[in-house]
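Residue-level structural notes
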Protein chains: 2
Amino acid sequence: MKISTRTRYGLRAMIEIAGAKPDSGVFQKDIAASQSLSVKYLDHIIQALKTARLISNAKGKKSGYILTRKPSEITIFDIHRAFEPGICVVECISGNYHCDLSEGCQASGFWKQLNNLIYNYFNSITLDDLIHGRVTFEDESFSEEASRQKA
Amino acid sequence: MKISTRTRYGLRAMIEIAGAKPDSGVFQKDIAASQSLSVKYLDHIIQALKTARLISNAKGKKSGYILTRKPSEITIFDIHRAFEPGICVVECISGNYHCDLSEGCQASGFWKQLNNLIYNYFNSITLDDLIHGRVTFEDESFSEEASRQKA
DNA sequence: TTTTATCCTACTATTTTAATAGGATTTATA
DNA sequence: TATAAATCCTATTAAAATAGTAGGATAAAA
């Protein structure tokens, strides 16, 4: 249950582009610098965002990226979809998958609900919410219990 | 964002054990057969559940597993925890992680909320809910939009 | 025409996960 | 008391996914 680093970097890149002055595009090298990534690596991430038509730029030397839509019109699901084909927590709930056991599988409903929960969340939050600090989590205790990690 | 197959099989094994007649334990070979897994592979999964003290058995030839608690007292989070150290959708929100950018990271709140959402869901559903069919998902349209997968 | 920046594709390395394998231990039972 | 059935335990291999690097083509501003 890990979000890929590409998606994480992609979201941060979007936040950075969204936060720039409206008239000036943002360069890859600046994003790379502020996020401590090589320009070459960030390149993939930027290209994925561009292919998904979330950002655009002029060609040539004076390029630099801007959003194609207002931050309030870009959901996190849109950004996630630039890097992943969709949200699918287990293969066996995707459309064309056939499972011999699915007839009586008492777990599939649980996974479908989980999938839906995540999808609805991703779809309900926009880039605008993030850049205006409307999505925060104050309670420090959550990480103790739930997000314990390998040493 | 994939649930590991071990966790999936583990959940199904728990459902199978929970669904057995109360007085008779369930054998690995029977679970393996009904889920089309080798006994050797299922072995790992069963051992993880046992280490997590979710199931127990007698030693020797007439073994066979039973739940250590009532299904209503076993949450999906308990089962998940038998296979994973915790729920952690991105490394950078776990307790002892330090991120240079976290000072002004406008994404971390989003990830923490996601983590919490999943944790609360896992914690709110019990094995009893599953074996009595209380967790279902009827709407067929969800998979079209959200869970599209690679061909 | 040189420089800056994106664009595009291929590749390598790393890590994670899935699955197999071999044999030790325990105990019912023939 | 031997043997068969079952779990227990550890090591290893195989496969897949992901992260990250590399090289050069292209476009346009200076």
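Refer to the structure presented above.
Structural notes, computed from the coordinates. (Residues numbered from 1 in each chain as written. Chains lettered and ligands numbered in written order. Predicted model: local features only at pLDDT ≥ 70, side-chain atom pairs only at ≥ 80, totals over all residues. Heavy atoms only, no water.)

1. What to know about helix H1 (residues 5-19) of chain B
Over its 15 residues, H1(B) runs 21 Å from end to end, which matches the ideal 21 Å to within 8%, given 1.5 Å per residue. When you tally the buried positions in H1(B), you get eleven out of 15 residues, the bulk of the element. (Helix = DSSP H or I, 4+ residues; strand = E, 2+ residues; numbered from the N terminus. Expected span 1.5 Å × (residues − 1). Buried < 20%, exposed > 50% of the residue type's maximum accessible area, 1.4 Å probe, protein only.)

2. Looking at the packing of H1(B) against helix H3 (residues 39-51) of chain B
All names here are of chain B. One way to put it is that H1 packs onto H3 with a least axis distance of 10 Å and a crossing angle of 75°. When the interaxial angle is binned, H1 and H3 end up roughly perpendicular. Together, Thr5, Arg6, Tyr9, Gly10, Ala13 and Met14 of H1 and Tyr41, His44, Ile45, Ile46 and Leu49 of H3 make up the contact between the two elements. Tallied by class, residues from the contact of H1 with H3 come to seven nonpolar, three polar and one charged. (Axes fitted to C-alpha atoms, helices over the stretch in contact; angles between N-to-C directions. Parallel < 35°, antiparallel > 145°, perpendicular 65-115°, else oblique. Contact = heavy atoms within 4.5 Å. Nonpolar A, V, L, I, M, F, W, Y, C, P; charged D, E, K, R; others polar.)

3. So, the interface of chain B and chain A
Chain B puts 54 residues into the contact, and the matching count from chain A is 55 residues. Both sides of the chain B and chain A interface together cover about 5600 Å² of buried area, and 66% of this is carbon and sulfur. Area buried by chain B at its contact with chain A is led by B:Met1, B:Gln106 and B:Phe110, which between them contribute 13% of it. Where chain B touches chain A, the interface holds two salt bridges. Residue A:Glu91 pairs with B:Arg8 through a salt bridge whose shortest N-O separation is 3.2 Å. Joining chain B to chain A, the criterion identifies 14 residue pairs in polar contact (both at pLDDT 80 or more). In terms of residue count, helix H5 (residues 108-124) of chain B provides more of the side of chain B that touches chain A than any other element does, 13 residues in total. Split by residue class, the side of chain B that touches chain A holds 31 nonpolar, 14 polar and nine charged. (Buried area = accessible area lost by both parts, 1.4 Å probe. Salt bridge = Lys/Arg side-chain N within 4 Å of Asp/Glu carboxyl O. Polar contact = N/O pair within 3.5 Å; in protein donor to acceptor, adjacent residues only side chain to side chain.)

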